[in-house]
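Here's the letter readout for the chains.
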Amino acid sequence: MLISSRTPCSGWHLHRGPVTALALTLLLVLAACKREVAEEAPPPRPVRTVVVEKGGLGQSIVLTGQIQAEKEVALAFRIGGRVVERSVDRGDRVTPEQVVAKLDAQNELNSLRSARAALAAANARLEQDSNHFDRQDTLLKQGWTTRANFDQAQQALRTAQAAVDDAKAQVEIAEDRVSYTQLQAGLTGTVTSRAAESGEVVQAGQMVFMVARDSGWDAAFDVPAQVLRTAPGDADVIIALTDDPNITAKGRVRQVDPQADPVTRTFKVRVAVNDPPPEMRLGATVTGRMEVDHGHGISLPASALTATDKNPAVWVVNPDSLTVGLKPVEVLRFDPGTVVLSGGLDGGEIVVTAGVQALHPGQKVRPLGARS
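Residues numbered from 1 in each chain as written. Predicted model: local features only at pLDDT ≥ 70, side-chain atom pairs only at ≥ 80, totals over all residues. Heavy atoms only, no water.

Draft legend 1. Examining the packing of helix α3 (residues 106-142) against helix α4 (residues 147-179) more closely. Between α3 and α4, the shortest axis-to-axis distance is 7 Å and the interhelical angle comes to 160°. The orientation of α3 with respect to α4, classified from their angle, is roughly antiparallel. Handedness of the crossing formed by α3 with α4: left-handed. The class makeup of the residues in the contact of α3 with α4 is 20 nonpolar, nine polar and nine charged. (Axes fitted to C-alpha atoms, helices over the stretch in contact; angles between N-to-C directions. Helix = DSSP H or I, 4+ residues; strand = E, 2+ residues; numbered from the N terminus. Parallel < 35°, antiparallel > 145°, perpendicular 65-115°, else oblique. Left-handed = near helix turned anticlockwise from the far one by under 90°. Nonpolar A, V, L, I, M, F, W, Y, C, P; charged D, E, K, R; others polar.)

Draft legend 2. Focus on α4. Across its 33 residues, α4 extends 48 Å between first and last C-alpha, which sits within 8% of the 48 Å expected from 1.5 Å per residue. Regarding α4, the residues found buried are F150, A153, L157, A160, V164, A167, V171, A174 and V178. Lining the buried residues of α4 we find α3 and β7 (182-184). (Expected span 1.5 Å × (residues − 1). Buried < 20%, exposed > 50% of the residue type's maximum accessible area, 1.4 Å probe, protein only. Contact = heavy atoms within 4.5 Å.)

Draft legend 3. Region of interest: the sheet that holds strand β3 (residues 72-76). Strands sit in the order β3-β10-β8-β5 across an open sheet of four strands; the sheet is antiparallel. Both outer strands of the open sheet, β3 and β5 (93-94), are each paired with one neighbouring strand and no more. (Pairing = 2+ DSSP bridges.)

Draft legend 4. Structural detail: the sheet that holds strand β9 (residues 201-202). Pairing within the open sheet is antiparallel, and its four strands lie in the order β7-β6-β4-β9. Taken across any chain shown, the strands that pair with only one partner, and hence form the sheet edges, are β7 and β9. Summarising the sheet, strand β4 (residues 81-86) and β9 pair through two bridges and their orientation is antiparallel. Note that in β9 the partner of G81 across the bridge is V202.

Draft legend 5. Summary view of the packing of aromatic side chains. In this structure the tally under the stated criterion is one aromatic pair. Geometrically, the ring pair formed by F133 and F150 is tilted, given 5.3 Å between the ring centres and 40° between the ring planes. On the criterion of sequence distance, the pair formed by F133 in helix α3 and F150 in helix α4 is long-range, its members being 17 residues apart. The pair F133 / F150 is uniform in exposure class, with both members buried. (Phe/Tyr/Trp six-rings, centres within 6.5 Å; stacked < 30°, edge-to-face > 60°.)

Draft legend 6. Seen up close, the environment of T353. Take T353: it is sitting in strand β21 (residues 350-354). Residue classification places T353 among the buried residues on the basis of a relative accessible area of 5%. Put simply, T353 and L300 are 53 residues apart on the chain and 8.1 Å apart in space, counted from C-alpha to C-alpha. Contacts of T353, omitting those with residues within four sequence positions, involve R48, T49, V50, P301, S303 and A304.

Draft legend 7. Quick peek at the pattern of salt bridges. Evaluation of the coordinates by the stated rule reveals 16 salt bridges. The partner of R125 in a salt bridge is D129, and the shortest N-O contact between them spans 3.2 Å. With R125 and D129 both in helix α3 and four residues apart, the pair spans about one turn of that helix. One network of salt bridges, with partners in common, ties together R86, D89, R194 and E197. (Salt bridge = Lys/Arg side-chain N within 4 Å of Asp/Glu carboxyl O.)

Draft legend 8. Structural view of the nonpolar core. Core analysis: the largest hydrophobic core is formed by 24 residues, its most contacted members being I67, A219, I239 and V273. Contributing elements (two or more residues each) for this core: β2 (55-69), β11 (217-223), β12 (236-241), β14 (267-274) and β15 (285-301). Ignoring sequence-local partners within four residues, the contact set of A219 consists of Q66, I67, I239, V269, R270, V271, V273 and V286. In terms of nonpolar packing, the next biggest core, distinct from the first, is built from 18 residues, F77, V88, L183 and A185 among them. (Core = buried A, V, L, I, M, F, W, Y, C linked by side-chain atoms within 4.5 Å.)

Draft legend 9. Structural view of the side chain of E108. For E108, the position within the fold is in helix α3. Look past the residues within four positions of E108 in its chain and what remains in contact with it is I79, R177, V178 and T181.

Given below as structure tokens:
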């Protein structure tokens, strides 16, 4: 009776029931896992931040240069010859009347003796022609000579006088050339360079010594063109010795070369040093510091800068929700390691400075410690 009451339908239910229940259970477990995965939010991304502050955009420019003389004079002989004496060397002090070198003066002394002999002969001829003219003048007044003889005597007297004048000039020239064999400093200063030795033959005008005047020192710097464009021309410069920064002096730009150096592409700038201390000797290496004021703005680490629509921007953290958003900014200039902004931020914002590459708008972040 029981066996005969089984039907195919009831037999199917008894055979497939456990399998169906197991499948449904698995489906429910998988659906619950999916819901848990979908509902679990990603952890906040750690980022490094900085609290920006608006302030002065002062820039400190520091360059290395050298102490040089404001004016240097090249000493040279006016005539050529062989150097027989050199009485000063590099680093020696000289005075205006001091003889610093001598040439062999034998040829010039011979020329002077010849000129003096010629002057003596011209004076003798002048005396003779003068006596002859006086006689002709007396005879003409007494009627014992002709006008032609008188005119001839007068012409000879004038020629003799001109010859004497010429001989005197030659003597003066010869005396000057003898004096030119002695080279005088002609100024008070310090010898910075020497270009001739005893026994050497030099030409007229060839530099023998370079002398730096005592009138003032310059600090000479090789300045890039970008610095020249940003730095004011009348700014004060603090000059300090490189080996002892405590020794300082103030200076002001005195001269800027109009043309750049063809090799370094920098411009030579001379800064007049006011009251240089004794330790600032010629040739000393110094540093020049100048403060440049560019108004007010915000300075950030260069790593904070990113872009949106090909325009510069930064990631700003919302302090309430700790989410980030892009904010366009205006860049004033780029400095080594930093970027200076002229607009876009008001100050007080929290800006991401590290980890900006992996952020997206609205993403939660975990600041690693904001600093001001």
